[in-house]
Amino acid sequence: MPPSENYSIEVIDEQSIHKIDHNDLRKVVQQILEYEQVSAAEISIVLMDNAVIHQWNRETLNHDFPTDVITFALNDPPYSESNPCLEGELLVSVEMAAQLAGDVGWSIDDECTLYILHGILHLLGYDDLNESDQIIMRKKEHEVLTHLGMHPGSKDDRWNSL
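These numbers were taken from a predicted model, which means no experiment stands behind them.

Participant: In this structure, what is going on with helix H1 (residues 22–35)? I would like to understand it.
Facilitator: Given 3.6 residues per helical turn, the α-helix brings residues three or four places apart onto the same face. Given a rise of 1.5 Å per residue, 14 residues ought to cover 20 Å, and the 20 Å separating the end C-alpha atoms of H1 matches this to within 8%. The complete set of buried residues in H1 reads Leu25, Val28, Val29, Ile32, Leu33 and Glu34. Elements that come into contact with the buried residues of H1 comprise strand S1 (7–13), strand S2 (40–48), strand S4 (85–93), helix H4 (108–123) and helix H5 (131–147). Of the residues flanking the start of H1, the one acting as N-cap is Asp21, its side-chain oxygen 2.9 Å from the backbone nitrogen of Asn23. A positive backbone phi angle near 55° is found at Gln37, which sits one or two residues after H1.

Participant: When you look at unusual backbone geometry in this model, what are you seeing that I'm missing?
Facilitator: In most cases, non-glycine residues show a negative phi, while peptide bonds are predominantly trans. At the junction of Asp76 and Pro77, the peptide bond is cis and its omega measures out at 5° in the coordinates. With respect to the secondary-structure elements, Pro77 resides in the loop between strand S3 (69–73) and S4. Its identity is not glycine, yet Gln37 carries a phi of approximately 55°, on the positive side.

Participant: Hey, could you run me through the packing of H1 against H4 in this one?
Facilitator: Pairs of packed helices are described in terms of their axes, by the angle between the two and the distance that separates them. For the pair H1 and H4, the least separation of the axes is 11 Å and the interaxial angle reads 40°. It follows that H1 is oblique to H4 by the angle criterion. For the crossing formed where H1 meets H4, the hand is right-handed. The segment H1 lies against H4, with Leu25, Val28, Val29, Ile32 and Leu33 engaging Thr113, Ile116, Leu117 and Ile120. Classifying every residue of the contact of H1 with H4 gives eight nonpolar, one polar and no charged.

Participant: Please clarify how the sheet that holds S1 should be interpreted in this entry.
Facilitator: Hydrogen bonds along the backbone pair up the strands of a sheet, which may run parallel or antiparallel. Spatially, four strands are ordered S1-S2-S4-S3 in an open sheet, and the strand pairing comes out mixed. Only two strands of the sheet have a single neighbouring strand rather than two, namely S1 and S3. Ignoring which end each strand starts from, the neighbouring axes of this sheet average 15° apart. Here S2 runs beside S4; their pairing, made up of nine bridges, is parallel. The residue bridging Ala40 from the neighbouring strand is Cys85, located in S4. Relative to the sheet, H1 contacts S1, S2 and S4, its axis offset from that of S1 by approximately 140°.

Criteria and thresholds
Residues numbered from 1 in each chain as written. Predicted model: local features only at pLDDT ≥ 70, side-chain atom pairs only at ≥ 80, totals over all residues. Heavy atoms only, no water. Helix = DSSP H or I, 4+ residues; strand = E, 2+ residues; numbered from the N terminus. Expected span 1.5 Å × (residues − 1). Buried < 20%, exposed > 50% of the residue type's maximum accessible area, 1.4 Å probe, protein only. Contact = heavy atoms within 4.5 Å. Polar contact = N/O pair within 3.5 Å; in protein donor to acceptor, adjacent residues only side chain to side chain. Axes fitted to C-alpha atoms, helices over the stretch in contact; angles between N-to-C directions. Parallel < 35°, antiparallel > 145°, perpendicular 65-115°, else oblique. Left-handed = near helix turned anticlockwise from the far one by under 90°. Nonpolar A, V, L, I, M, F, W, Y, C, P; charged D, E, K, R; others polar. Pairing = 2+ DSSP bridges.

Here it is, written out as structure tokens:
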């Protein structure tokens, strides 16, 4: 496993929906990066509410609705063996996580972890624009969540197609 000093994980909390332990969040991001064998990373996570992520989604992706996570890859050139430091910013809606967590049977923190994992997978090159890519990404999410000791609730059907 790469040493943690190779990771810069910044958490910016701009929401008041749910108190999130920033140290716990950094630890889970480190575990994800280690599991995915990322040797170095600079990751910023911005925790926000639905109104703010809606605005970002509209202005940057031309989607007029709130979303769970928006990922900005900051690597130039893209992350690869020749450019092995993963750089990115993740915008995470804690409000959306709070709205969905109870419905799917786990905590707000777990739902936020899923959003962050999803964003990191995007930074690593996974995509979900078509059904076959979505299945690949969902399988990877399930694999990493299992590694983290996290198990979606029985009411959560996001991984049923696997």
